[in-house]
Amino acid sequence: MFESLRASIRDAMSRASTPADSRAVVALMKDALVEARVGLSQVRDALAHTEKQLEYERTELATTMRRGKLAADVKDQETVDVAARFALKQTERIAVLERKLDAQRGELALVEREVEEMTAQLKQAAAAPSGLGGMPKAPDLEPPSDSDSLRRDIDRAARESTAERQLDELKRRMGR
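From a predicted model like this one, the values you see are computed outputs, not experimental measurements. (Residues numbered from 1 in each chain as written. Predicted model: local features only at pLDDT ≥ 70, side-chain atom pairs only at ≥ 80, totals over all residues. Heavy atoms only, no water.)

**Observations concerning the confidence of the model for the protein chain**
Confidence along the protein chain averages 79 in pLDDT terms, with 71% of residues attaining 70 or more. Within the protein chain, the lowest mean pLDDT, 59, falls on helix 1 (residues 3–15), and the highest, 92, falls on helix 3 (residues 77–127). Per-residue pLDDT stays below 50 along residues 130–146; that stretch engages in 39 contacts with residues further than four places along the chain or on separate chains. (pLDDT = per-residue confidence, 0-100. Helix = DSSP H or I, 4+ residues; strand = E, 2+ residues; numbered from the N terminus. Contact = heavy atoms within 4.5 Å.)

**Re unusual backbone geometry**
Positive phi, normally seen in glycine, also occurs at lysine 75, with a value near 60 degrees. Within the secondary structure, lysine 75 is located in the loop between helix 2 (19–73) and helix 3. Among the residues examined, lysine 75 registers a relative accessible area of 73% and is labelled exposed. (Buried < 20%, exposed > 50% of the residue type's maximum accessible area, 1.4 Å probe, protein only.)

**Examining a nonpolar patch on the surface**
A contiguous nonpolar surface patch, about 290 Å² in accessible area, is contributed by Leu167, Leu170 and Met174. With respect to the helices, strands and loops of the structure, leucine 167 is situated in helix 4 (residues 148–174). By relative accessible area, which is 43% here, leucine 167 ends up partly exposed. (Patch = residues over 30% accessible without salt bridge, like charges linked within 9 Å, V, L, I, M, F, W, Y side chains within 5 Å. Areas by Shrake-Rupley, 256 points an atom, 1.4 Å probe, with all protein chains shown as cover. Salt bridge = Lys/Arg side-chain N within 4 Å of Asp/Glu carboxyl O.)

**A word on the pattern of salt bridges**
Inspection of the entire model under this criterion finds five salt bridges. Glutamate 98 is the partner of arginine 58 in a salt bridge, and the nearest nitrogen-oxygen pair spans 2.6 Å. Residue arginine 58 is located in helix 2, and its partner glutamate 98 is located in helix 3; the two are separated by 40 residues in the primary sequence. For arginine 58, a relative accessible area of 38% translates into the label partly exposed. The partner of aspartate 73 in a salt bridge is lysine 69, and the shortest N-O contact between them spans 3.4 Å. Of this pair, aspartate 73 and lysine 69 are both found in helix 2, four residues apart, which corresponds to roughly one turn of the helix. Using a relative accessible area of 48% as the deciding quantity, one classes aspartate 73 as partly exposed.

**Here we look at the environment of glutamate 114**
Here glutamate 114 shows up in helix 3. Through-space distance from the C-alpha of glutamate 114 to that of leucine 33 is 9.6 Å; in sequence the pair is 81 residues apart.

**What about the side chain of threonine 119?**
With respect to the helices and strands, threonine 119 occurs in helix 3. Reaching out from threonine 119, the side chain makes a polar contact with the side chain of arginine 37 at a distance of 3.2 Å. Here valine 115 takes part through its backbone oxygen, which lies 2.8 Å from a polar atom of the side chain of threonine 119. (Polar contact = N/O pair within 3.5 Å; in protein donor to acceptor, adjacent residues only side chain to side chain.)

Structure, rendered in structure tokens:
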């Protein structure tokens, strides 16, 4: 998912020849990790949304089936036919949502592995005694798990992303 970003970081790391270049690469790695964690949060949100949709459709199918049975009990063939059509559509939606959920779970696992790899690479680059290109370790290059500023950046990016999605949804609802 983040392969092009990782490739550009590897390229920058290979070209880093001065301490300033190395610090820039580590800063780039931090930014990439922030973006990756925001992406991970978005994948988790999408997965939760799909799970809610699936649960809703299953509930609706149960309701439709119950209504169809009640209509059959009172010999209301028209309502039985309508219920059967709706049940078929809901069954198809459920099947699609189940496949979507499986794909999103696979994507989540992939993104989680990528974020773990990126975190390990950043820790390694920041903890190296001579840095990436012979630079001494700078005190501001702590691993992301210990960095309050990185957490703030991730939280801010996640809030901005959520606000942007909510704005897009509101615009969609208003027909813009």
